[in-house]
Amino acid sequence: MSQQVAVTTDAEHPSWGAPACPPHVLGLRDRVIEFVRERVVPHEAELDSGGVAARTLLERLRHGARAEGLWGLPLPAELGGADLSLTEYAHVAEAEGVSDHGPGVLGSTALLDVTTLARHAEPAVRDLYLPQVADGRMTMCNAMTEPGTPGSDPGLTATRASRRPDGSWTIHGRKWFVTGAGDAALAAVLARTSGEPPSTTGLSLLLVPTSAPGFRVVRELPVLGAGGQWEIALDGVTVPADHLLGEPGRGLRVISERVRLGRLLRCLRWLGQAERAFVLLRDRARARPTASGRLGDLQLVQALVFDALLAIRTTRPLVFETAALVEAGLDARVETGLAKVATARMLQQVTDAAIQVHGAAGLGPDTPLPALFRTGRMARLLDGPDELHVTAVARRVLG
């Protein structure tokens, strides 16, 4: 993304709507806003470039986050975090998500992996990997979808894991659109341990070290010009018996829990990116001169501003409602589906409006808008396409 900064505090922009940030979290949230604005956003292009230089820069920024007490805020205190509850962290996640790199720099991307390992890994495996994942020494990717197979239908999973006489597992298969697989030390791999497609029973989740013989990164998959997604092959990869996450044949339960939390976290971060795009939209409309005044004096531009703000303010409460339900341990499947679709659509709408008001400048490298728009388009497919959630929510409501 560009080095242009558009990150604000509540005092600087129209209210994003309820709920307000709790007073005891407000100061922390504002420190995160400042850190992302001053330390992360100016380096987005370098972090996007990948390679050794980007990894070195990432470690330097992480050191700064630790020094300022902003590392791993949603993680348990015993793992070096601030132990924020999900509803408390939601406000911070929104601020971190202003930049795609914010959660990674601040250590919050580990929340999903820490939760999965803490709940489902065998004690020895948990003790081995959990501290390293929590402090950023080790990253983990989620390998679920496969080439030529609808990712929304796990029953068609063809990757297989066979149990050996000593209890270990040998895995054969291929996965793609695996986020972060290029740098990950561990992969949570969904594989069929019994049964045949299209059955959803017999699917298990196995924790695979990417250094294991037979694990191969096939290629990076550019998505609308950006990297970060990978295709991997598992050619006879063997992992110990205790690297099974959850029970044999019940992997979908583990993966569903993981994906639901992941969807919520993405929604919160997409809110932050939409708010960033809105500030760029508003500031452009205020400042851009025309022959008869400023761009924001034109009614069609005012309509874009109105619709963008309306989209943010009507979506945000839905996302925070979902966070409250998830934290309370209640069934939030309907709310998660609604939030995911609404936030993805909203992000694309707001960034599209911001690009339109910027004109040709919104298509070029001088603003973060092309990257924000790309995220908005990806959002309608990531963690399940919109159509999947529309159908699932409608069936649940009607059933």
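Residues numbered from 1 in each chain as written. Predicted model: local features only at pLDDT ≥ 70, side-chain atom pairs only at ≥ 80, totals over all residues. Heavy atoms only, no water.

Q: What am I meant to see in empty space enclosed by the protein here?
A: By rolling a water-sized probe across the atoms, one finds the places where empty space is left. Applying the stated rule across the entire model yields one cavity of 30 Å³ or more. One number sums up the size of the largest cavity: a volume of about 60 Å³. Every residue along the wall of the largest cavity is listed here: Met144, Thr145, Glu146, Thr149, Pro150, Gly151, Asp153, Pro154, Leu156 and Thr157. Partitioned by chemical class, the residues of the lining of the largest cavity number four nonpolar, four polar and two charged. (1 Å grid on protein atoms, 1.4 Å probe; cavity = no way out; pocket = protein on both sides within 12 Å on 5 of 7 lines; lining within 4 Å. Points joined across faces, edges and corners; volume = space filled by probe spheres on them. Nonpolar A, V, L, I, M, F, W, Y, C, P; charged D, E, K, R; others polar.)

Q: Would you take a moment to explain the packing of aromatic side chains for this structure?
A: Ring pairs (aromatic) are described by centroid distance and by the angle formed between their planes. Applying the stated criterion across every chain, the model contains two aromatic pairs. Centroid distance Trp16 to Phe278: 5.6 Å. Interplanar angle 85 degrees. Geometry classified as edge-to-face. Here Trp16, found in the segment before α1 (23-40), pairs with Phe278, found in helix α8 (residues 251-287); they are 262 residues apart in sequence, far enough to count as distant. Considered together, Trp16 and Phe278 belong to a single accessibility category, that of buried residues. (Phe/Tyr/Trp six-rings, centres within 6.5 Å; stacked < 30°, edge-to-face > 60°. Helix = DSSP H or I, 4+ residues; strand = E, 2+ residues; numbered from the N terminus. Buried < 20%, exposed > 50% of the residue type's maximum accessible area, 1.4 Å probe, protein only.)

Q: Even after reading the chapter, I still don't get the packing of α8 against helix α9 (residues 299-327), so can you show me in this structure?
A: The angle between the axes and the distance between the axes are what describe a pair of packed helices. Taken N-terminus to C-terminus, the directions of α8 and α9 make an angle of 160 degrees; their axes are 10 Å apart at the nearest point. Classed by the angle they form, the pair α8 and α9 counts as roughly antiparallel. Crossing hand, α8 versus α9: left-handed. Across from Leu264, Cys267, Leu268, Leu271, Ala274, Glu275, Phe278, Leu281 and Ala285 in α8, the residues of α9 making contact are Val301, Leu304, Val305, Ala308, Leu309, Ile312, Arg316, Val319, Phe320, Thr322, Ala323 and Val326. (Axes fitted to C-alpha atoms, helices over the stretch in contact; angles between N-to-C directions. Parallel < 35°, antiparallel > 145°, perpendicular 65-115°, else oblique. Left-handed = near helix turned anticlockwise from the far one by under 90°. Contact = heavy atoms within 4.5 Å.)

Q: It is not clear to me how the environment of Thr238 should be interpreted in this structure. Could you clarify?
A: Tracing the backbone through its elements, the reader meets Thr238 in strand β7 (residues 229-239). Note: C-alpha distance between Thr238 and Pro209 (29 residues apart in sequence) is 9.6 Å. Discounting chain neighbours no more than four positions away, the residues touching Thr238 are Arg164, Ser168, Trp169 and Thr170. At 3.1 Å, the side chain of Thr238 forms a polar contact with the side chain of Thr170. (Polar contact = N/O pair within 3.5 Å; in protein donor to acceptor, adjacent residues only side chain to side chain.)

Q: In this structure, what is going on with the environment of Arg55? I would like to understand it.
A: Here Arg55 shows up in helix α3 (residues 51-67). Residues Arg55 and Ser162, 107 residues apart in the sequence, show an inter-C-alpha distance of 36 Å.

Q: Is there a simple way to explain the pairing of strand β5 (residues 203-209) in this structure?
A: Within a regular strand, the side chains alternate between the two sheet faces. Summarising burial for β5: seven of the seven residues are buried, a large majority. Of the two faces of β5, the one lined by Leu203, Leu205, Leu207 and Pro209 and the one lined by Ser204, Leu206 and Val208 are each fully buried. Relative to β5, strand β4 (residues 186-192) runs antiparallel, the two being bridged by seven bridges. Looking at β5, one finds that Val189 is bridged to Leu206. Relative to strand β8 (residues 244-245), β5 runs antiparallel, the two sharing two bridges. Within the sheet, the bridge partner assigned to Leu205 lies in β8 and is Leu245. (Pairing = 2+ DSSP bridges.)

Q: I keep staring at the pairing of strand β2 (residues 160-163) and nothing clicks. Help me out?
A: Direction of pairing for β2 relative to strand β3 (residues 169-179): antiparallel, over a ladder of four bridges. When the bridges of β3 are listed, Arg160 appears paired with His172. The hairpin formed by β2 and β3 contains five residues between the paired strands, and Gly167 there has a positive phi angle of roughly 95 degrees.

Q: I would appreciate a short explanation of the pattern of salt bridges in the present structure.
A: Pairing is possible between side chains that carry opposite charge, provided their charged atoms lie close to one another. Taken as a whole, this structure holds 23 salt bridges when the rule is applied. Across the pair Asp113 and Arg258 runs a salt bridge whose closest N-O atoms are separated by 2.7 Å. Residue Asp113 is found in helix α6 (residues 110-120), and its partner Arg258 is found in helix α8; the two are separated by 145 residues along the sequence. As far as the burial class goes, Asp113 and Arg258 line up, both buried. A salt bridge links Arg294 to Asp297; the nearest nitrogen and oxygen atoms lie 3.3 Å apart. (Salt bridge = Lys/Arg side-chain N within 4 Å of Asp/Glu carboxyl O.)

Q: Whenever I open this one, the nonpolar core confuses me. Can you help?
A: Side chains of nonpolar character tend, in soluble globular proteins, to be buried together. One finds Val32, Val114, Leu117 and Leu207 to be the most contacted residues of the largest nonpolar core, which totals 88 residues. Beyond its immediate stretch of four places on either side in the chain, Leu117 contacts Arg126, Tyr129, Leu130, Val133, Met140, Leu207 and Leu245. (Core = buried A, V, L, I, M, F, W, Y, C linked by side-chain atoms within 4.5 Å.)

Q: How should unusual backbone geometry be read in this particular structure?
A: Outside of glycine, negative phi angles account for most residues, and trans bonds account for most peptide bonds. The omega angle of the peptide bond from Ala18 to Pro19 is 0 degrees, so this bond is cis rather than trans. Here Pro19 lies in the segment before α1. Cis geometry is found at the peptide bond from Pro197 to Pro198, where omega equals 5 degrees. In this fold, Pro198 is placed in the loop between β4 and β5. Despite not being glycine, Asp83 has its phi angle at roughly 60 degrees, a positive value. Overall, the relative accessible area of 49% leaves Asp83 in the partly exposed class. The backbone of Phe177 shows a phi angle near 50 degrees, a positive value even though the residue is not glycine. Here Phe177 lies in strand β3. According to the relative accessible area criterion, Phe177 is partly exposed, its value standing at 39%.

Just distances and angles here, no functional claims.
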